[in-house]
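What the coordinates show
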4 protein chains.
Amino acid sequence: MSDGDEGAGRTRTDPPKRKDARRNKEALLDAAAAVFVRSGVDAPVRDIAAEAGVGLGTIYRHFPTRADLIIAVYRHQVDACADAGPALLASSATPYAALREWINLFVDFLVTKHGLAAVLQSDNAGFDTLHAYFLDRLVPVCTRLLEAAAAAGEIGSDIAGYELMRGVGNLCIGADNDLRYDARRLVELLVGGLRRPH
Amino acid sequence: MSDGDEGAGRTRTDPPKRKDARRNKEALLDAAAAVFVRSGVDAPVRDIAAEAGVGLGTIYRHFPTRADLIIAVYRHQVDACADAGPALLASSATPYAALREWINLFVDFLVTKHGLAAVLQSDNAGFDTLHAYFLDRLVPVCTRLLEAAAAAGEIGSDIAGYELMRGVGNLCIGADNDLRYDARRLVELLVGGLRRPH
Amino acid sequence: MSDGDEGAGRTRTDPPKRKDARRNKEALLDAAAAVFVRSGVDAPVRDIAAEAGVGLGTIYRHFPTRADLIIAVYRHQVDACADAGPALLASSATPYAALREWINLFVDFLVTKHGLAAVLQSDNAGFDTLHAYFLDRLVPVCTRLLEAAAAAGEIGSDIAGYELMRGVGNLCIGADNDLRYDARRLVELLVGGLRRPH
Amino acid sequence: MSDGDEGAGRTRTDPPKRKDARRNKEALLDAAAAVFVRSGVDAPVRDIAAEAGVGLGTIYRHFPTRADLIIAVYRHQVDACADAGPALLASSATPYAALREWINLFVDFLVTKHGLAAVLQSDNAGFDTLHAYFLDRLVPVCTRLLEAAAAAGEIGSDIAGYELMRGVGNLCIGADNDLRYDARRLVELLVGGLRRPH
DNA sequence: TATGAATGAGCGTTCATTCAT
DNA sequence: AATGAATGAACGCTCATTCAT
């Protein structure tokens, strides 16, 4: 459920040698995460290789494109965010409350990733995979929450999940590095703006 | 009011040759504007020089940093936007209505400038001047409108002009090139979220 | 007659496991042949390994250099070509006719091997083995045919087998991919040029 | 007539500054020629820059593609070769004799250029300009000579100028570095093969 | 013996910036 | 004042080859 490359039965069938590669891959993920924090997700491939203490080719082997690496680094958190949607819907007082909380989770995720929000809106080909993954995982969840809130009459129905996600994502751009700018507050306003004027 | 490099008394002290330089500078502005539309504000310096039919050095002479050039290109429009604030406050039904309309002006400005919104949040040193100019001109106007609306009890008072500007700017990032994303709608939601729940 | 690495008495001394290795080697040859057709003889080693379903190291074990692999792949055909020389000499009306036909066989061979002709003339060290094998097998045959034709007075005697082979090989470079270039026709002219002006 | 960038009246109209660039460009041509001799025309761009003592960008400025550089280096000689065609036709005893001599010139040119012959047949995109230049300049000349010889009944008419040039070019591949291979002799045979059997 | 993960030299290319003319 | 030639750091990427498992 969390690594993607290997199926559930991995432990039994994988060749023993895989252990090394796995260690290396994880070292790579750690290193990439560290570099992403330090220099943003656009950091030179070489920096990540150096941080991980591996060769350049090793990165390309494991993650043919930069997007693949970013996805791998943040996969767990994105998945967790996606999983949280239905859970919140079940546990919250109202669908709108669930939506708010869920958006908060998403913001928490983005704000702590230096530059990730910015790359999410880049029309740069080569990030298509990254776009696709984020959209595939999160937009349906957001859409579901919006529909529920609309059905409950709490909000209007004129905004799509995709558009809201993009808006929230954009609001998180540059949220670190600027103490005068609190993305969370802005997002709250945005979500507040959804509420139906009763 | 429009050139910035020269003080008010310019006409008296300038050497006669200045006319050429001025012509050059204006050609540069036109060219830069054209290139910005075509390729965004990150276009290679060379392209702008080529479009203007001047040398590379000439650009650096007039506009030491890219930000200086961007400012110069959009100065009139930014100034117009700034000037519109008080006017709208005077002519609109309520301060909040003025705020909404003014924000719309700002969005109109940003959305039509390929990539300008993105550069506004870049923490890239070298855009400091650009930041500063935008903030100096527009934040006070925005603050003024916010205060008026807050004084009228139409909105809460927990948001600063700077923060709102940044949020709106962010929402405009990537607004072209994506038909499924309408920055204006998102901004409306954001501004709507300001309204005090009475 | 076909494996080359092992001497005539091989069957007696080999360890029992050898059968696996042999199967592997043959799979490798088939795979290489397929890849050579598809991408030329300069295809990345990886592609061949992938096609064969074996590891990279296996290829290097069996064929330390690319030339070794190329030789192995085309050995049968080269041998057949070499064997055809004496046969044609015996069956043709005149030695010169035999020479012409034999050269045609060689051209047929080269033209169908994407890029082989080009590599034959490369002075790239590491193709020495390839050169050597081709020369060892074919040059004597060509020389023999030339001598017979010279002895019959059909051609002059001022060209060496090596030189003619090289010339023919060169004429075949790039013969695919260009409809306006027919290597066979050029080779016919070249061979025609040998004929003694009576 | 020889430099291409500048028209005939260059000396009068060029800005004075051009002198430096011209010196540099010529140094570049010299350096490239030297490196081409040493390492072939596929030599790394960096090597040429180092040899010339200039920066990498300078090469790209003057010669955006490698083909442009090769053309520039050999332009004079190619032009001279093209110009020699009509002259030989006028001065030789017969058209066929002119053709033979002209082909010899072309061979002389190619054989002394390490690797140039090889690149001429490469279907590598990016050498299109080079191909085009060679074909544009030389094929018509060759065609003209062939036609004259055919009209004089000295040769058949079943070969196109393009095909002959390609054949001759191919025969010249790898002609240096191999004392046992004399491209000139092979080409003579090829051209000899054209002669009509009367 | 077989594997394929790892390496890293090497390449082409771009572009902001400097500075001689 | 204006030019634009020159620079070279930096980057993404490929692939032959080695070697631990």
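The structure displayed is predicted, hence computed values, not measured ones.

**A few points about helix α9 (residues 161-171) of chain D**
- Within α9(D), eleven of the eleven residues are buried, which leaves it mostly tucked inside the rest of the structure.
- Residues D:G161, D:Y162, D:E163, D:L164, D:M165, D:R166, D:G167, D:V168, D:G169, D:N170 and D:L171 constitute the buried set of α9(D).
- Tucked inside the fold, the buried residues of α9(D) contact α9 (161-171) and α10 (183-194) of chain C together with α6 (95-111), α7 (116-121), α8 (128-151) and α10 (183-194) of chain D.

**Quick notes on the packing of aromatic side chains**
- Considering all chains together, one arrives at 16 aromatic pairs over all chains under this definition.
- Aromatic pair A:F36 and A:Y74: ring centres 6.2 Å apart, planes at 35 degrees, arrangement tilted. Here A:F36 is found in helix α2 (residues 18-39), whereas its partner A:Y74 is found in helix α5 (residues 66-91), with 38 residues between them in sequence. In this structure, A:F36 and A:Y74 share a single accessibility class: buried.
- Taking 6.3 Å as the distance between ring centres and 5 degrees as the angle between the ring planes, the aromatic pair formed by C:W102 and C:F106 counts as stacked. Note that C:W102 and C:F106 are positioned in helix α6 (residues 95-111) at a spacing of four residues, about one turn of the helix. As far as burial versus exposure is concerned, C:W102 and C:F106 are alike and both buried.
- Taken together, the ring pairs connect A:F36, A:Y74, A:F109 and A:F134 into an aromatic cluster.
- Here the basic side chain of A:R180 rests over the ring of B:Y162, its NZ or CZ set 4.0 Å away from the ring centre.
- If you follow C:R166 out to its NZ or CZ, it ends over the ring of D:Y181, 4.2 Å from the centre.

**With respect to the environment of C:L120**
Residue and element names in this part refer to chain C.
- Inspection of the secondary structure puts L120 in helix α7 (residues 116-121).
- The buried category is assigned to L120, whose relative accessible area is 15%.
- Separated by 46 residues in the primary sequence, L120 and R166 place their C-alpha atoms 8.3 Å from one another.

**Regarding the relation of the copies chain D and chain C**
- For the pair chain D and chain C, the relating rotation is 176 degrees, the translation along its axis is 0.1 Å, and the fit reaches an RMSD of 0.5 Å. Such values leave the two copies arranged in the relation of a two-fold axis. By C-alpha distance to the rotation axis, the residue of chain D lying nearest is D:G193, at 1.7 Å.
- When the interface residues of chain D are mapped onto chain C, 100% of them again lie at the interface, so the same face is used by both copies.

**Quick word on the state of the cysteines**
- Throughout the structure, instances matching the rule amount to zero disulfides over all chains.
- Note on A:C81: no disulfide assigned, nearest cysteine sulfur contributed by A:C142 at a separation of 9.6 Å.

**A few points about the protein's contact with DNA strand F**
- DNA strand F sits among 36 residues. The nearest are A:P44, B:T58, D:N24, D:G55 and D:R61.
- Here DNA strand F approaches the protein such that, of its atoms within 4 Å, sugar and phosphate make up 54%.
- Elements supplying a minimum of two residues to the surface near DNA strand F: α3 (45-52) and α4 (56-62) of chain A, α2 (18-39) and α4 (56-62) of chain B, α3 (45-52) and α4 (56-62) of chain C together with α2 (18-39) and α4 (56-62) of chain D.

**As for the interface of chain D and chain C**
- The interface is formed by 25 residues belonging to chain D together with 26 residues belonging to chain C.
- Buried surface at the junction of chain D and chain C, both sides included, amounts to about 2400 Å², of which 56% is carbon and sulfur.
- Between the two partners, chain D and chain C, sit four salt bridges.
- Here D:E163 ties to C:R185 by a salt bridge, and the two come within 3.2 Å at their closest N and O atoms.
- Our count for the chain D to chain C interface comes out at 18 residue pairs in polar contact (both at pLDDT 80 or more).
- Going through the elements one at a time, α9 and α10 of chain D are the ones with two or more residues in the side of chain D that touches chain C.
- Sort the elements by how many residues they give to the side of chain D that touches chain C and α10(D) lands first, with seven residues.
- Class assignment for the residues of the side of chain D that touches chain C results in ten nonpolar, seven polar and eight charged.

**What to know about the UniProt feature "DNA-binding region" (unreviewed entry) in chain A**
- Cross-referencing UniProt, the feature "DNA-binding region" (unreviewed entry) maps to residues 44-63 of chain A in the present numbering.
- Helix makes up 75% of residues 44-63 of chain A and strand 0%, whereas the separation of the span's terminal C-alpha atoms amounts to 14 Å.

**Observations regarding the relation of the copies chain B and chain A**
- Superposing chain B onto chain A requires a rotation of 177 degrees together with a translation of 0.1 Å along the rotation axis, leaving an RMSD of 0.5 Å.
- The overlap is high: 100% of the interface residues of chain B also sit at the interface in chain A, so the same surface is used on both sides.

**Topic: the nonpolar core**
- Core analysis: the largest hydrophobic core is formed by 139 residues, its most contacted members being C:W102, C:L164, D:W102 and D:L164.
- With 13 residues, the top contributor of residues to this core is helix α5 (residues 66-91) of chain D.
- D:L164 has contacts with D:L99, D:I103, D:C142, D:L146, D:I159, D:L190 and D:L194, leaving out every residue within four places of it along the chain.
- With 138 residues, the next largest nonpolar core counts A:V111, A:V139, B:A43 and B:V191 among its residues.

**What to know about the protein's contact with DNA strand E**
- Every one of the 34 residues lining DNA strand E counts as a neighbour, but A:N24, A:G55, A:T58, A:R61 and C:T58 are closest to it.
- Close to the protein, within 4 Å, the atoms of DNA strand E belong to sugar or phosphate groups at a rate of 54%.
- C:R61 has a polar side-chain atom sitting 3.3 Å from a phosphate oxygen of DNA strand E.
- D:V45 is positioned such that a nitrogen or oxygen atom in its backbone is 3.2 Å from a phosphate oxygen of DNA strand E.
- Sorting the residues of the surface near DNA strand E by element identifies α2 and α4 of chain A, α3 (45-52) and α4 of chain B, α4 of chain C together with α3 (45-52) and α4 of chain D as the ones contributing at least two each.

**A word on the side chain of C:D178**
- Within the secondary structure, C:D178 sits in the loop between α9 and α10.
- We classify C:D178 as buried; its relative accessible area is 12%.
- Within polar-contact distance, the side chain of C:D178 engages the side chain of D:Y162 at 2.3 Å.
- Excluding residues that lie within four positions of it along the chain, C:D178 makes contacts with D:Y162 and D:R166.

**Focus: the environment of D:A151**
- Position of D:A151 relative to the elements: it lies in helix α8.
- Residues D:A151 and D:P95, spaced 56 residues apart in sequence, show a C-alpha to C-alpha distance of 8.9 Å.

**Concerning the pattern of salt bridges**
Residue and element names in this part refer to chain B.
- Counted according to the given criterion, the structure contains 23 salt bridges over all chains.
- Notably, a salt bridge pairs R184 with D108, separated by 3.2 Å at the nearest N-O pair. You can see R184 sitting in helix α10 (residues 183-194) and its partner D108 sitting in helix α6 (residues 95-111), a full 76 residues away along the chain.
- By relative accessible area, which is 34% here, D108 ends up partly exposed.

**Here we look at the packing of α9(C) against α10(C)**
Residues and elements named next belong to chain C.
- Where α9 contacts α10, the axes come no closer than 9 Å and their chain directions differ by 155 degrees. Between α9 and α10, the angle is such that the two are roughly antiparallel. In the crossing of α9 with α10, the sense of the turn from one axis to the other is right-handed. In this structure, α9 uses L164, G167, V168 and L171 to contact α10, whose residues at the interface are A183, L186, V187, L190 and L194.
- Taken together, the residues of the contact of α9 with α10 break down into eight nonpolar, one polar and no charged.

**Section: helix α6 (residues 95-111) of chain A**
- Helix length check: α6(A), at 17 residues, gives a terminal C-alpha distance of 24 Å against a target of 24 Å (1.5 Å per residue), a fit within 8%.
- Each element contacted by the buried residues of α6(A) is listed here: α5, α7 (116-121), α8 (128-151), α9 (161-171) and α10 (183-194) of chain A.

**Regarding the interface of chain B and chain A**
- Counting residues at the interface gives 25 residues for chain B, matched by 26 residues for chain A.
- For the pairing of chain B and chain A, the buried interface totals around 2400 Å² over both sides, and the portion due to carbon and sulfur atoms is 56%.
- Counting every contact that joins chain B to chain A gives four salt bridges.
- Our enumeration of links across chain B and chain A arrives at 18 residue pairs in polar contact (both at pLDDT 80 or more).
- Secondary-structure elements contributing two or more residues to the side of chain B that touches chain A are α9 (161-171) and α10 of chain B.
- The greatest single-element share of the side of chain B that touches chain A, amounting to seven residues, is contributed by α10(B).
- Partitioned by chemical class, the residues of the side of chain B that touches chain A number ten nonpolar, seven polar and eight charged.

Cut-off values and rules
Residues numbered from 1 in each chain as written. Chains lettered and ligands numbered in written order. Predicted model: local features only at pLDDT ≥ 70, side-chain atom pairs only at ≥ 80, totals over all residues. Heavy atoms only, no water. Buried < 20%, exposed > 50% of the residue type's maximum accessible area, 1.4 Å probe, protein only. Helix = DSSP H or I, 4+ residues; strand = E, 2+ residues; numbered from the N terminus. Contact = heavy atoms within 4.5 Å. Phe/Tyr/Trp six-rings, centres within 6.5 Å; stacked < 30°, edge-to-face > 60°. Lys NZ or Arg CZ within 6 Å of the ring centre and 35° of its normal. Least-squares fit on C-alpha atoms with pLDDT ≥ 70 in both. Disulfide = S-S within 2.5 Å. Near = heavy atom within 4 Å. Buried area = accessible area lost by both parts, 1.4 Å probe. Salt bridge = Lys/Arg side-chain N within 4 Å of Asp/Glu carboxyl O. Polar contact = N/O pair within 3.5 Å; in protein donor to acceptor, adjacent residues only side chain to side chain. Nonpolar A, V, L, I, M, F, W, Y, C, P; charged D, E, K, R; others polar. UniProt positions renumbered as here; feature names shortened; annotations may be inferred. Core = buried A, V, L, I, M, F, W, Y, C linked by side-chain atoms within 4.5 Å. Axes fitted to C-alpha atoms, helices over the stretch in contact; angles between N-to-C directions. Parallel < 35°, antiparallel > 145°, perpendicular 65-115°, else oblique. Left-handed = near helix turned anticlockwise from the far one by under 90°. Expected span 1.5 Å × (residues − 1).

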